[in-house]
Amino acid sequence: MQMVAVDIGGTHARFAIAEVAGGKVIDLGKAVTLKTAEYASFQTAWQSFEASFGTPLPRATGIAFAGPVDGDVLQLTNSHWTVRPALIPSRLNVDQFTLVNDFGAVGHAVAQADPAHFRRVCGPDVALPDHGITSIVGPGTGLGVSHVFRTRDSYHVNATEGGHMDFAPVDRFEDALLAELRAEFRRVSTERIISGPGLGHIYDAFARIEKRPAHTGDDKTLWSAALDGTDSIAVAALDRFCMTLGSFAGDLALAQGANAVVVAGGLGARIADHLPKSGFAQRFVAKGRFEQMMATIPVKLITLEEPGLFGAAAAFAMEHTR
């Protein structure tokens with residue numbers, strides 16, 4: 001059957017027509033991206049997509065939503081949009097819908113994506129296991145965390161707020177970084193470091209060591225300088241970012257009992273070339289008595305172009321077409 005896949009973020013809403021059957025995504029059409037700031041509501045953005053499509057949309061939709069999906073009124077992070085789940089059928093003219101957290105959608109994408117859409121970061125160069133737990137960590141504007149529990153013939157996705165766990169430093173530099181951030185935020189979550197804005201916090205800590213000015217540009221400019229090598233402190237901050245991500249991903253694997261780990265998120269895609277050459281792998285396995293076990297865990301990066309859209313379609317397929 002055909003359905004509308006939607007991925008709603010604070011800045012953009014993405015739409016595509018998908019074909020689903022037997023609990024799986026058969027095909028995902030070309031994505032159409034709209035800016036949330038340019039539309040009064042999700043309904044008016046939906047109508048704009050329908051107008052561009054040229055014919056009435058399928059009467060089914062899977063929606064990935066950047067924020068909690070429990071409650072009568074859902075507030076989109078960093079946007080004026082609100083969504084009332086009870087009104088989705090009437091306002092969007094659909095008979096069936098599935099609503100999932102955005103990183104829950106990424107979990108569905110990990111569960112259903114073809115092996116060709118995963119790139120090795122470290123660990124054994126094997127396909128993701130067909131049973132057990134796959135931990136998923138996704139740095140972006142924040143830090144997304146979820147996991148997939150696979151059985152031989154099915155899977156279950158659990159989206160979490162694991163990015164808000166306390167930051168755990170593992171050396172003197174990170175001790176100092178934590179102390180500085182604690183003075184500003186009181187409680188320092190891992191997301192304060194492993195996220196888009198987190199690179200700036202690391203940069204400023206390095207700048208203080210060399211008695212240089214803190215960064216004054218936006219996060220996008222700083223990330224560009226780190227990735228293209230035009231700012232040596234930004235390069236050092238990126239290396240430290242990858243190390244910290246490795247530590248956290250390893251902690252997640254231990255906490256969730258994972259036999260595989262997938263890196264996702266917008267920043268995951270941006271650092272795809274840098275990550276395997278960084279200190280990520282060393283930090284990932286550095287778990288004392290469990291180092292040998294950690295070295296057996298495959299760590300992949302998902303390379304799907306639109307994992308949120310694909311995952312929204314996959315979540316719908318699992319609920320309505322099995």
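Above this note sits the structure.
Caption draft 1: Quick look at the nonpolar core. Core analysis: the biggest nonpolar cluster contains 48 residues, and L275, F280 and F284 have the highest contact counts within it. It is helix 7 (residues 232-256) that contributes the most residues to this core, 11 residues altogether. When near neighbours in sequence (up to four residues on either side) are disregarded, F284 contacts G246, S247, A249, G250, A253, V261, M294, I297 and V299. I136, V148, F316 and M318 belong to the second-largest nonpolar core, a separate cluster that totals 31 residues.

Caption draft 2: A look at unusual backbone geometry. Residue R186 is not a glycine yet carries a positive backbone phi of 70°. Relative to the helices and strands, R186 is located in the loop between helix 4 (172-185) and helix 5 (198-209). Located in the positive-phi region is K211, a residue other than glycine, with phi close to 55°. On the secondary structure map, K211 appears in the loop between helix 5 and helix 6 (219-228). Using a relative accessible area of 77% as the deciding quantity, one classes K211 as exposed.

Caption draft 3: Highlighting the packing of aromatic side chains. Within this structure, the stated rule accounts for 9 aromatic pairs. Each ring, one from F15 and one from F49, has its centre 5.1 Å from the other, and the planes form 20°; the classification is stacked. Taken as a pair, F15 in strand 2 (residues 12-21) and F49 in helix 1 (residues 42-53) lie far apart in primary sequence, 34 residues in all. Residue classification places F15 among the buried residues on the basis of a relative accessible area of 0%.

Caption draft 4: Representation of the environment of F167 within the structure. When you line up the elements, F167 lands in the loop between strand 12 (155-160) and helix 4. Exposure remark for F167: the relative accessible area of 7% places this residue in the buried category. Each C-alpha atom, one on F167 and one on F241, is 13 Å from the other, the two residues being 74 residues apart in sequence. When sequence neighbours within four positions are dropped, the list of residues in contact with F167 reads E174, L178, V188, S189, T190, I193 and T244.

Caption draft 5: Examining the sheet that holds strand 14 (residues 299-302) more closely. On the basis of which strands lie adjacent, the open sheet formed by 6 strands has the order 9-14-13-10-11-12 and mixed pairing. A single partner strand is all that each edge strand has here, and the edge strands are strand 9 (118-122) and strand 12. The mean angle between the axes of side-by-side strands here comes to 25°, regardless of whether they run parallel or antiparallel. Sheet topology note: the strand 9/strand 14 ladder contains 4 bridges and is antiparallel. Bridge pairing in strand 14 links F118 to I302. In the packing of helix 3 (residues 102-112) onto the sheet, the strands contacted are strand 9, strand 10 (132-139), strand 11 (143-150), strand 12, strand 13 (260-263) and strand 14, and the crossing angle to strand 11 comes to about 45°.

Caption draft 6: Structural view of helix 3. In terms of burial, helix 3 is a largely internal element, 10 of the 11 residues being buried. Measuring from the side-chain oxygen of the N-cap residue of helix 3 to the backbone nitrogen of F103 gives 2.8 Å; that N-cap residue is N101.

Caption draft 7: Representation of the pattern of salt bridges in the model. One pass over the full model with this rule turns up 13 salt bridges. A salt bridge links E306 to R14, with the nearest nitrogen and oxygen atoms 3.7 Å apart. One end of the pair, E306, is in the loop between strand 14 and helix 11 (307-320); the other, R14, is in strand 2, with 292 residues separating them in the sequence. Under the relative-accessibility criterion, E306 is labelled partly exposed at 21%. Here E174 ties to R240 by a salt bridge, and the two come within 3.1 Å at their closest N and O atoms. With E174 in helix 4 and R240 in helix 7, this pair connects stretches of sequence that are 66 residues apart. For E174, a relative accessible area of 1% translates into the label buried. When its relative accessible area of 11% is taken as the criterion, R240 is described as buried.

Rules used in this analysis
Residues numbered from 1 in each chain as written. Predicted model: local features only at pLDDT ≥ 70, side-chain atom pairs only at ≥ 80, totals over all residues. Heavy atoms only, no water. Core = buried A, V, L, I, M, F, W, Y, C linked by side-chain atoms within 4.5 Å. Buried < 20%, exposed > 50% of the residue type's maximum accessible area, 1.4 Å probe, protein only. Helix = DSSP H or I, 4+ residues; strand = E, 2+ residues; numbered from the N terminus. Contact = heavy atoms within 4.5 Å. Phe/Tyr/Trp six-rings, centres within 6.5 Å; stacked < 30°, edge-to-face > 60°. Pairing = 2+ DSSP bridges. Axes fitted to C-alpha atoms, helices over the stretch in contact; angles between N-to-C directions. Polar contact = N/O pair within 3.5 Å; in protein donor to acceptor, adjacent residues only side chain to side chain. Salt bridge = Lys/Arg side-chain N within 4 Å of Asp/Glu carboxyl O.

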